[in-house]
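This is what each chain is made of:
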Amino acid sequence: MMTEKKVKVAPSILSADFSDMGSAIARMEQCGADLIHCDVMDGIFVPNITFGFKMIADIKKHTRLPLDVHLMIDRPERYVERFADAGADYITIHFEATQALIPTLEQIKKKGVRCGAVISPDTSTEVLKECFPLCDIVLLMSVYPGFGGQKFIENSLPRMKRLKQMRAELQANALLEIDGGVSESNAKALAEVGTDILVAGNTLFSSAHPEKIIREWHAL
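Predicted model only: the values in this text are computed from it and were never measured.

> Just checking my understanding: could you explain the overall build of the protein chain for this structure?
Summing up its helical and strand segments, the protein chain has eight helices and eight strands in all. The C-alpha radius of gyration computed for the protein chain amounts to 16 Å, which stays within 12% of the reference 17 Å derived for 220 residues, consistent with globular compactness. For the protein chain, the spread of C-alpha atoms along the three principal axes comes to 45 × 35 × 35 Å. With 220 residues in all, the protein chain has 54% of them scored as buried. Contacts spanning at least 24 positions in sequence make up 64% of the contacts within the protein chain whose residues lie at least 6 apart. Accessible area of the protein chain: about 10200 Å², with a carbon and sulfur share of 51%. Side-chain charges in the protein chain split into 25 positive and 29 negative, and the spacing between the mean points of these groups amounts to 3 Å.

> Sorry, what's going on with the environment of Val143 here?
Among the secondary structure elements, Val143 is positioned in the loop between β6 (137-141) and α5 (156-170). Each residue touching Val143, except ones within four places of it in the same chain, is listed here: Pro121, Gln150, Lys151, Phe152, Ile153, Asp179, Gly180 and Gly181.

> Could you clarify how one ought to interpret the state of the cysteines in this entry?
As used here, a disulfide is simply a covalent bond connecting the sulfur atoms of two cysteines. Here the structure, examined in full by the defined rule, presents zero disulfides. Counting only cysteine sulfurs, Cys135 is the nearest neighbor of Cys131, a cysteine outside any disulfide, at a range of 4.1 Å.

> Looking at this structure, I do not really get the layout of surface pockets. What am I missing?
The probe, sized like a water molecule, is rolled over the atoms to show the empty space still left. Estimated volume of the largest pocket: approximately 290 Å³. In this structure, the largest pocket is lined by 25 residues; those nearest its centre are Gly148, Gly149, Gly180, Gly181 and Gly201. Those elements that provide at least two residues to the lining of the largest pocket are β2 (36-41), β8 (197-200) and α7 (202-205). When the residues that make up the lining of the largest pocket are grouped by side-chain class, the tally is eleven nonpolar, twelve polar and two charged.

> Is there a simple way to explain the sheet that holds β8 in this structure?
Backbone hydrogen bonds are what pair the strands of a sheet, in a parallel or an antiparallel way. Strand order in the open sheet made by the eight strands is β1-β8-β7-β6-β5-β4-β3-β2, with parallel pairing throughout. Two strands bound the open sheet, and with one partner strand each, they are β1 (8-11) and β2. In this sheet, neighbouring strand axes are inclined to one another by 25° on average, regardless of whether the strands run parallel or antiparallel.

> For this particular structure, what's the right way to read the side chain of Asp68?
With respect to the element layout, Asp68 can be found in strand β3 (residues 67-72). No salt bridge is formed by the buried Asp68, whose closest oppositely charged neighbour, Arg114, lies at an N-O distance of 10.0 Å.

Conventions we followed
Residues numbered from 1 in each chain as written. Predicted model: local features only at pLDDT ≥ 70, side-chain atom pairs only at ≥ 80, totals over all residues. Heavy atoms only, no water. Helix = DSSP H or I, 4+ residues; strand = E, 2+ residues; numbered from the N terminus. Rg over C-alpha atoms; globule rule 2.2 N^0.38 Å. Buried < 20%, exposed > 50% of the residue type's maximum accessible area, 1.4 Å probe, protein only. Contact = heavy atoms within 4.5 Å. Areas by Shrake-Rupley, 256 points an atom, 1.4 Å probe, with all protein chains shown as cover. Lys, Arg positive; Asp, Glu negative; His and termini not counted. Charge placed at Lys NZ, Arg CZ, Asp CG, Glu CD. Disulfide = S-S within 2.5 Å. 1 Å grid on protein atoms, 1.4 Å probe; cavity = no way out; pocket = protein on both sides within 12 Å on 5 of 7 lines; lining within 4 Å. Points joined across faces, edges and corners; volume = space filled by probe spheres on them. Nonpolar A, V, L, I, M, F, W, Y, C, P; charged D, E, K, R; others polar. Pairing = 2+ DSSP bridges. Axes fitted to C-alpha atoms, helices over the stretch in contact; angles between N-to-C directions. Salt bridge = Lys/Arg side-chain N within 4 Å of Asp/Glu carboxyl O.

Structure representation (structure tokens):
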């Protein structure tokens, strides 16, 4: 009898070969991934530029997996509807990037897309109390946003534990997601403090056997 997966795995395509994105995503789907994590960066909110609406629309044609679109962009309220139209299944926005967090989360929901709030490493978890009940996902950055391949910030473990506690206190249902430096060495500890979704880039895309890693993480 199959047991329900406790932890979901979302490969971050920031670490994929952009010249062969279709094959990279197909490989992760075959390996058992649950979502595809898409980091959209604008060169303003973070010092890097990645891709936009067309990439999301093109990816959508080539996978059945939900697209988890993480907007690392300034004033995301300007663009969330276009990302929804492009095919995003989840859209997460940074607390630090907007003065209209709750209205923007509501704007996403009105488009029939699941929404989420993100906090960077130096932002208190407490700022999420007001928006938590509205979120389908709460994303904790465990590195500074902008680039893949960074070292995991150890303080993220107690921060995730606090988010799990906050979810219970508020009787909310958001999935708890972590992004940055997730690896085989810390995945178990992250699952133990309450993480529901592990986002991983280099760990999966540089592995000769990502299916083995994903299978092990599903069993955490």
